Every structure is written in structure tokens, then in C-alpha cells.
Amino acid sequence: EVTGTTENIFRIVEPQTTGIVDRNKGVAQIFGDYSTMLWNKLFRTSILQSNPEFDKKIMIGEDELWMIQNLKNARNIALINESLYFYRSRLDGASKNFELSAARLSEVASQKMVLSEISKYGAKELTLLAQKRMYYSCQHIMKIAFYQDNIHIFNWIDTEIDDVRKVWFAQH
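Reading the values: rules and limits
Residues numbered from 1 in each chain as written. Predicted model: local features only at pLDDT ≥ 70, side-chain atom pairs only at ≥ 80, totals over all residues. Heavy atoms only, no water. Core = buried A, V, L, I, M, F, W, Y, C linked by side-chain atoms within 4.5 Å. Buried < 20%, exposed > 50% of the residue type's maximum accessible area, 1.4 Å probe, protein only. Helix = DSSP H or I, 4+ residues; strand = E, 2+ residues; numbered from the N terminus. Contact = heavy atoms within 4.5 Å. Expected span 1.5 Å × (residues − 1). Phe/Tyr/Trp six-rings, centres within 6.5 Å; stacked < 30°, edge-to-face > 60°. Lys NZ or Arg CZ within 6 Å of the ring centre and 35° of its normal.

1. Here's the deal with the nonpolar core
And step 1. If you look at the biggest cluster of nonpolar residues, it comprises 38 residues, and the most contacted ones within it are Val27, Ile68, Leu71, Ile118 and Ile157.
And step 2. Secondary-structure elements contributing two or more residues to this core are α1 (23-32), α2 (62-71), β2 (76-80), α3 (102-119), α4 (124-147) and α5 (151-160).
And step 3. With nine residues, the single largest contributor to this core is α4.
And step 4. The contact partners of Leu71, leaving out residues within four places of it in the chain, are Arg23, Val27, Ile30, Phe43, Ile47, Ile77 and Tyr121.

2. Considering α4
And step 1. Compared with an ideal rise of 1.5 Å per residue, which puts 24 residues at 34 Å, α4 spans 35 Å between its outermost C-alpha atoms and is within 8% of the ideal.
And step 2. Positive backbone phi, approximately 60°, marks Asp149, located one or two places after α4.

3. A word on the packing of aromatic side chains
And step 1. In this structure the tally under the stated criterion is five aromatic pairs.
And step 2. Taking 5.2 Å as the distance between ring centres and 80° as the angle between the ring planes, the aromatic pair formed by Phe43 and Trp66 counts as edge-to-face. Residue Phe43 is found in the loop between α1 and α2, and its partner Trp66 is found in helix α2; the two are separated by 23 residues along the sequence.
And step 3. Judged by relative accessible area, which is 8%, Trp66 ranks as buried.
And step 4. Ring geometry for Phe146 and Phe154: centres 6.4 Å apart, planes at 55°, overall tilted.
And step 5. Judged by its relative accessible area of 53%, Phe146 falls in the exposed class.
And step 6. Through a chain of ring-to-ring contacts, the aromatic side chains of Phe43, Phe54 and Trp66 assemble into a single cluster.
And step 7. Against the face of Tyr121 rests Arg23, its NZ or CZ located 4.2 Å from the ring centre.

Now the structure itself:
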């Protein structure tokens with residue numbers, strides 16, 4: 001909390017790393033143990049030079065896509081356990097809305113682009129994680145469409161994830 005003057009707004013933090021891992025292992029941990037949202041990440045500006053902005057057409061999942069596009073420039077990822085940011089969830093946020101809105105449906109495109117980008121990493125394990133994430137995200141939207149009796153959107157998403165579903169079930 002800042003009181004009175006603005007001189008003490010910034011706080012220098014020097015968190016201790018719990019480990020430094022290669023990029024692919026770090027991305028796998030982000031997909032598994034951490035979160036693909038940006039609120040718990042810090043990036044060196046040197047890896048952001050090629051893609052400094054979010055895709056403005058995507059309203060849900062844009063941060064995950066941006067992260068995957070930029071982490072391909074990283075050699076290593078440092079992991080810390082210290083909380084440097086506290087996420088505040090809003091009840092009216094886009095990810096909390098269960099309507100079949102343009103924002104919600106943009107998540108399908110986002111997951112497809114994440115899968116495409118992560119495939120460029122050349123790591124089968126990461127591709128499988130992205131396929132799993134896409135499958136479950138799209139299944140969530142399909143469930144909303146089903147309960148809202150929107151067969152058109154249900155069928156559209158079912159077609160979009162057909163290849164991912166085949167690969168996923170072949171692996172499990």
C-alpha cells in the first residue's frame with residue numbers, strides 16, 4: 001500500500017530460484033504445475049523482441065499464446081516459489097462468462113494457435129500437453145453449447161478438435 005508520496009511505489013525483488021531448467025522442461029512445468037496465464041510470470045525483455053504484443057483478435061487464451069510464442073526464444077526458465085503478484089479474479093471477467101460469446105469462442109482459435117506454436121518447439125511431450133489442453137478447453141465449451149442446445153457450435157468445435165482427439169486417444 002502506498003501512502004502519501006509516490007517514491008516508494010516500486011519494490012526491488014530478488015527472489016531465490018528453486019531451479020533453472022531448459023526451455024522445454026520449463027514449459028512442461030508451466031503447462032502442468034504452474035499456470036499458462038501470465039500473471040505469475042516474469043520475462044526478460046530480450047526474449048520479447050520478436051513478439052511484444054498480444055493477438056488482439058483473441059479474447060480468451062491470448063496470454064497463453066503470447067507466452068508460448070515468446071518462450072521459444074528462451075534457452076532456460078528459472079522457477080521460483082515466492083509469490084510476487086497476487087491475481088484478483090473478477091466475477092465479470094471474460095474467463096468467468098459461460099455464454100457462447102465471441103470471447104469464449106475465440107478460445108478455440110487460441111488453443112489451435114498454441115498447438116501450432118508449441119509444435120515448432122520440436123518436443124513431442126510438449127505437443128501432447130498442448131493437445132490435451134486444447135481438447136479439454138474445447139470440451140468445456142462444447143458442454144456449454146450442449147446445455148444451451150446450440151448444436152451448430154457443438155458440431156463446429158467437435159470438427160475443430162477431431163484431429164487432436166484422434167492423436168490424444170491414440171496416445172492413451
